[in-house]
Every structure is written in structure tokens, then in C-alpha cells.
Amino acid sequence: MKLGIIGLPQSGKTTIYNALTRNNTPTTASAGRIEVHTGVVDVPDKRIDLLSKMFNPKKTIYAKVTYADIAGLDGSSKGISGTLLNTLSQMDAFVHVVRCFTDENVPHPSGSVNPATDLDSMLTELLLNDQIAVERKLEKLTDERKKGGTDKTLNERQTALFTRMNEALNNNIPLRKLEFSSDEEKELSSFGLLTRKPILSVLNLGEGQKAPTLTADHPLVELPGKLE
């Protein structure tokens, strides 16, 4: 499983990455550059430990998770493309780091720490990226119908599918909230739509800080990243 750690600049993505992977990657700001650090860790599993103890194999293999610390998103809603989009598309799910801590040595890009705004900003950026991709696909399908010579049945099926997704996105509903058939899943596998991926937001707290009250359409967890 590949989990992409995303978040706004100075949110503590690399700190959380180091806590999860036990690495010591420098936490310097990327200044808008696209940087990706990866680490592979074993998933602790007491069941595996028990079986290994019972059968005493030569080697015990745990399930593994690859964490990718991905810099480059800034919440600007200008669209995601190129290397960054390709990297995000390869992830199975996202760990979204939301800054809650205050530190005068780590200035917030917008000037002040506002977890609710940062949470919404990142989710909006992902949603708008999918909206652009879906609208472009619908335009392409329309052109194909006008020109003719394409598979009419396929065109109709895809038009219905992408129209349904476009309606959801226009209503600020991420695509992970929609249900898709197995055939639709196959058709969508090559599009890299980001809001189809599961997401977990991590509220990155300062030591002893109480977590703010936030609501989201996905799970939220609290973690004092620097302390961990």
C-alpha cells in the first residue's frame, strides 16, 4: 500500500513522515518545489508474531506500507499537473497533515494558523483538480460524438458516468462518496482522479495542545508530530 502524505507548506508533513517511518529527513521548507521522500515500514501485527512464534519460520514477513512525503501542493487551486499529479495518482490513499501548532520560527504561509481554513483549502484543491479533469473528458466525449466514427455505446456509457461525477463535484461532493460498478472502476483506473482515494486528516498538534474542533467528511486523528 502506498500512502501519500500531503498538506500545505509548513504544516509538518516531513515531521509526521519521520514519525511514521523513523527516518531523519530534514524538515526544511521546499519553497514550492516538488519533492518526494519515501520510506517503507512493516505493519505491526500481533497475529503474525503469534504464528511466527508457533511455527518458528526462517523468516517472518509483515505487510508493508510505503509512505511518500509529497511537497508541492500549496492550496492555490491553480490545478495540479505534470510530475506532481503523476505522483499523487500513484498513491492508494492520502494522509493529509493539517497544521494546528504555533511556532514563531516556522511562519505559516498565510500569516496565521487556521486549521479549518487549511483543511478546506487542501480538500478544495483536490476537488477542483478532479473537476477540471472530468469536464475535459466530457468535452472530449462531445467532440467524439460530433465527429462520429467512435464506439457509440462506449461514448454513451462514459458520458453518463462522467456527467454523474461532474454533478457530484459541482456540489462539492468528493468522488469517494459515490458508488461505482466494477466495470466503472476499470474505466476510471487510468484517470488518476484524486478525490476517489480514501483520505485521513492528521491534526498536527503542538506538545500539550488541545485539538481544535473540526468537521470533515472523512476521519480525523490527533497527533503531536514533533513530540512523536
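Our structure is the block above this text.
For the structure given in this document, a descriptive report is provided here. What you see is a predicted model, and the numbers here were worked out from it, not measured in a lab.

**A closer look at the packing of aromatic side chains**
Counting across every chain of the model gives 1 aromatic pair. Where Phe 162 meets Phe 191, the ring centres are 5.1 Å apart and the plane angle is 65 degrees; that geometry is what we call edge-to-face. With Phe 162 in helix 5 (residues 152–170) and Phe 191 in the loop between helix 6 (182–188) and strand 5 (199–204), this pair connects stretches of sequence that are 29 residues apart. Classification of Phe 162 by relative accessible area gives buried; the value is 1%. Phe 191 gets classed as partly exposed once you look at its relative accessible area, which sits at 32%. Cation over ring: Arg 196 sits above Phe 180, and NZ or CZ is 5.3 Å from the ring centre.

**A short note on the pattern of salt bridges**
Applying the stated criterion across every chain, the model contains 6 salt bridges. Here Arg 157 and Glu 187 are joined by a salt bridge, their closest N and O atoms 2.6 Å apart. Taken together, the positions of Arg 157 in helix 5 and Glu 187 in helix 6 put the pair 30 residues apart, joining distant regions of the chain. Arg 157 gets classed as partly exposed once you look at its relative accessible area, which sits at 42%.

**Focus on the pairing of strand 4 (residues 93–99)**
The buried fraction of strand 4 is high, at 7 of 7 residues. Here strand 4 shows two buried faces, one formed by Ala 93, Val 95, Val 97 and Arg 99 and the other by Phe 94, His 96 and Val 98. In the sheet, strand 1 (residues 2–6) pairs with strand 4 via 4 bridges, with the strands oriented parallel. Paired with Ile 6 across the strands is His 96, a residue of strand 4. Taken together, the 6 bridges between strand 4 and strand 5 define a ladder with parallel strand orientation. Paired with Val 95 across the bridge in strand 5 is Leu 200.

**Things to note about the packing of helix 4 (residues 115–147) against helix 5**
Packed helix pairs are characterised by how far apart their axes lie and by the angle those axes make with each other. Across the interface, helix 4 lies against helix 5 with an axial gap of 9 Å and an inter-helix angle of 150 degrees. Considering the angle they form, helix 4 stands roughly antiparallel to helix 5. By crossing handedness, the relation of helix 4 to helix 5 is classed as left-handed. Residues Leu 127, Asp 130, Gln 131, Val 134, Glu 135, Lys 137, Leu 138, Leu 141, Glu 144 and Arg 145 of helix 4 form the contact with helix 5, whose own contacting residues are Asn 155, Gln 158, Thr 159, Phe 162, Thr 163, Met 165, Asn 166, Leu 169 and Asn 170. For the contact of helix 4 with helix 5, the per-class residue count stands at 7 nonpolar, 7 polar and 5 charged.

**Details of helix 5**
Between its first and last C-alpha atoms helix 5 spans 26 Å; for 19 residues at 1.5 Å apiece the expected length is 27 Å, and the two agree. Inspection of helix 5 places Asn 155, Gln 158, Thr 159, Leu 161, Phe 162, Met 165, Asn 166, Ala 168 and Leu 169 among the buried residues, and these make up the whole buried set. With a side-chain oxygen positioned 3.0 Å from the backbone nitrogen of Thr 153, the residue opening helix 5 is Asp 151.

**What about the sheet that holds strand 4?**
Taken together, the 6 strands give an open sheet; going across it, the order is 2-3-1-4-5-6, and neighbouring strands pair in mixed fashion. Each edge of the sheet is formed by a strand with only one pairing partner; in this case those strands are strand 2 (35–42) and strand 6 (220–223). Neighbouring strand axes in the sheet, compared pairwise and without regard to direction, differ in orientation by 25 degrees on average. Where strand 1 lies against strand 3 (residues 64–71), 4 bridges are found, and the strand directions are parallel. Within strand 3, the residue paired with Leu 3 across the bridge is Tyr 67. Where helix 3 (residues 82–89) meets the sheet, its contacts fall on strand 1, strand 2, strand 3 and strand 4, and the angle it forms with strand 3 comes to roughly 155 degrees. Across the face of the sheet, helix 4 comes into contact with strand 1, strand 4 and strand 5 while running at roughly 150 degrees to strand 4.

Rules used in this analysis
Residues numbered from 1 in each chain as written. Predicted model: local features only at pLDDT ≥ 70, side-chain atom pairs only at ≥ 80, totals over all residues. Heavy atoms only, no water. Phe/Tyr/Trp six-rings, centres within 6.5 Å; stacked < 30°, edge-to-face > 60°. Helix = DSSP H or I, 4+ residues; strand = E, 2+ residues; numbered from the N terminus. Buried < 20%, exposed > 50% of the residue type's maximum accessible area, 1.4 Å probe, protein only. Lys NZ or Arg CZ within 6 Å of the ring centre and 35° of its normal. Salt bridge = Lys/Arg side-chain N within 4 Å of Asp/Glu carboxyl O. Pairing = 2+ DSSP bridges. Axes fitted to C-alpha atoms, helices over the stretch in contact; angles between N-to-C directions. Parallel < 35°, antiparallel > 145°, perpendicular 65-115°, else oblique. Left-handed = near helix turned anticlockwise from the far one by under 90°. Contact = heavy atoms within 4.5 Å. Nonpolar A, V, L, I, M, F, W, Y, C, P; charged D, E, K, R; others polar. Expected span 1.5 Å × (residues − 1). Polar contact = N/O pair within 3.5 Å; in protein donor to acceptor, adjacent residues only side chain to side chain.

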